[in-house]
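Structural overview for review
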Amino acid sequence: MDNNNNNNNNINTNTGTERELDRTNQTVSAKLQRIVVSNESLAALKAIIDKVNDGFNGGKVNQTEIANWIILRFQSELDESQIKEIRAEHFDEVAMLENILKQAKESGKVPTDFKVLLQKQIGLDESPKKKSSRALT
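None of these values were measured; they are calculated from a predicted model.

Moving on to the overall build of the protein chain. In terms of helices and strands, the protein chain carries five helices and four strands. Each helix and strand of the protein chain, placed in order from N terminus to C terminus, yields the pattern β-β-β-β-α-α-α-α-α. Considering the protein chain as a whole, with its 137 residues, one finds that 18% of them fall into the buried category. Considering only contacts in the protein chain between residues 6 or more positions apart, those separated by 24 or more positions represent 31%.

Take the layout of surface pockets next. The volume enclosed by the largest pocket comes to roughly 580 Å³. Looking at the largest pocket, it is lined by 17 residues, and the ones nearest its centre are Ser41, Ile70, Ile71, Phe74 and Ile86. Elements with a minimum of two residues in the lining of the largest pocket: helix H1 (39-53), helix H2 (63-77) and helix H3 (80-89). With five residues, the top contributor of residues to the lining of the largest pocket is H1. Grouping the amino acids of the lining of the largest pocket by side-chain chemistry returns twelve nonpolar, three polar and two charged.

Turning to a nonpolar patch on the surface, a few remarks are in order. Residues Ile48, Val52, Phe56, Trp69 and Ile70 make up a contiguous nonpolar surface patch of about 420 Å² in total accessible area. Contributions of two or more residues to the nonpolar patch are made by H1 and H2. By secondary structure assignment, the location of Phe56 is in the loop between H1 and H2. Using a relative accessible area of 38% as the deciding quantity, one classes Phe56 as partly exposed.

Another point: the packing of H1 against H2. Taken N-terminus to C-terminus, the directions of H1 and H2 make an angle of 100 degrees; their axes are 10 Å apart at the nearest point. Put simply, H1 runs roughly perpendicular to H2. Two secondary-structure elements touch here, H1 through Leu42, Leu45, Lys46, Ile48, Ile49 and Val52 and H2 through Gln63, Ile66, Ala67 and Ile70.

Further remarks concern the environment of Leu78. Note that Leu78 resides in the loop between H2 and H3. A relative accessible area of 35% means that Leu78 is categorised as partly exposed. When near neighbours in sequence (up to four residues on either side) are disregarded, Leu78 contacts Ile83 and Ile86.

With that settled, the discussion passes to H1. Since the α-helix advances by 3.6 residues per turn, residues separated by three or four positions end up pointing in the same direction. A rise of 1.5 Å per residue sets the reference length of H1, with its 15 residues, at 21 Å; its end C-alpha atoms lie 21 Å apart and thus fit the reference within 8%. Leu42, Leu45, Ile49 and Asn53 are the residues of H1 that are buried. Down the axis of H1, the buried set is contained in an arc of 65 degrees. They therefore lie on one face. What points out from H1, more than 90 degrees from its buried face, is the exposed set Glu40, Asp50 and Lys51. Immediately downstream of H1, the backbone of Gly55 shows phi near 80 degrees, a positive value.

The next subject is the side chain of Asn62. Looking at the secondary structure, you find Asn62 in the loop between H1 and H2. A distance of 3.1 Å separates the side chain of Asn62 from the backbone nitrogen of Thr64, its partner in a polar contact.

Attention now moves to the confidence of the model for the protein chain. Confidence in the prediction for the protein chain averages 80 pLDDT; 69% of positions are at 70 or higher. Mean pLDDT values for the elements of the protein chain range from 49 in strand S1 (residues 10-11) up to 97 in H1. This model gives residues 1-10 a pLDDT under 50, and the stretch forms 26 contacts once residues within four places in sequence are excluded. Ignoring residues within four places in sequence, the model shows residues 12-18, a span with pLDDT below 50, making 25 contacts including any to other chains.

Conventions and cut-offs
- Residues numbered from 1 in each chain as written.
- Predicted model: local features only at pLDDT ≥ 70, side-chain atom pairs only at ≥ 80, totals over all residues.
- Heavy atoms only, no water.
- Helix = DSSP H or I, 4+ residues; strand = E, 2+ residues; numbered from the N terminus.
- Buried < 20%, exposed > 50% of the residue type's maximum accessible area, 1.4 Å probe, protein only.
- Contact = heavy atoms within 4.5 Å.
- 1 Å grid on protein atoms, 1.4 Å probe; cavity = no way out; pocket = protein on both sides within 12 Å on 5 of 7 lines; lining within 4 Å.
- Points joined across faces, edges and corners; volume = space filled by probe spheres on them.
- Nonpolar A, V, L, I, M, F, W, Y, C, P; charged D, E, K, R; others polar.
- Patch = residues over 30% accessible without salt bridge, like charges linked within 9 Å, V, L, I, M, F, W, Y side chains within 5 Å.
- Areas by Shrake-Rupley, 256 points an atom, 1.4 Å probe, with all protein chains shown as cover.
- Salt bridge = Lys/Arg side-chain N within 4 Å of Asp/Glu carboxyl O.
- Axes fitted to C-alpha atoms, helices over the stretch in contact; angles between N-to-C directions.
- Parallel < 35°, antiparallel > 145°, perpendicular 65-115°, else oblique.
- Expected span 1.5 Å × (residues − 1).
- Arc of directions from axis to C-beta.
- Polar contact = N/O pair within 3.5 Å; in protein donor to acceptor, adjacent residues only side chain to side chain.
- pLDDT = per-residue confidence, 0-100.

Okay, structure coming up:
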């Protein structure tokens, strides 16, 4: 199914078993899932489709085929540096704090670094100073 005219940027139209035409225009049944992409991603996807289809006399690829190809290829080539990059771009401080709190409630212990940070926040970061005893002369 080609969803080029879909205004809300959905790739693949519905969840469930759908009918679509394969490359030989035969009707095939396929399990499809809906995903939503940003306008920027949709523009990039369309640019990729245009590049692939330009001069391709052996057929025509659509959004679904390109998106599936990209996702499957990316999944097999995903490495640790890319995982870190994705995590950095989507880091959510509130979610992190909620997870630390959840772990602390389950274990009954707050991580040491976080405990120090909390103490600094309320002004308890200064350790009590020992009284210096003067040497008798």
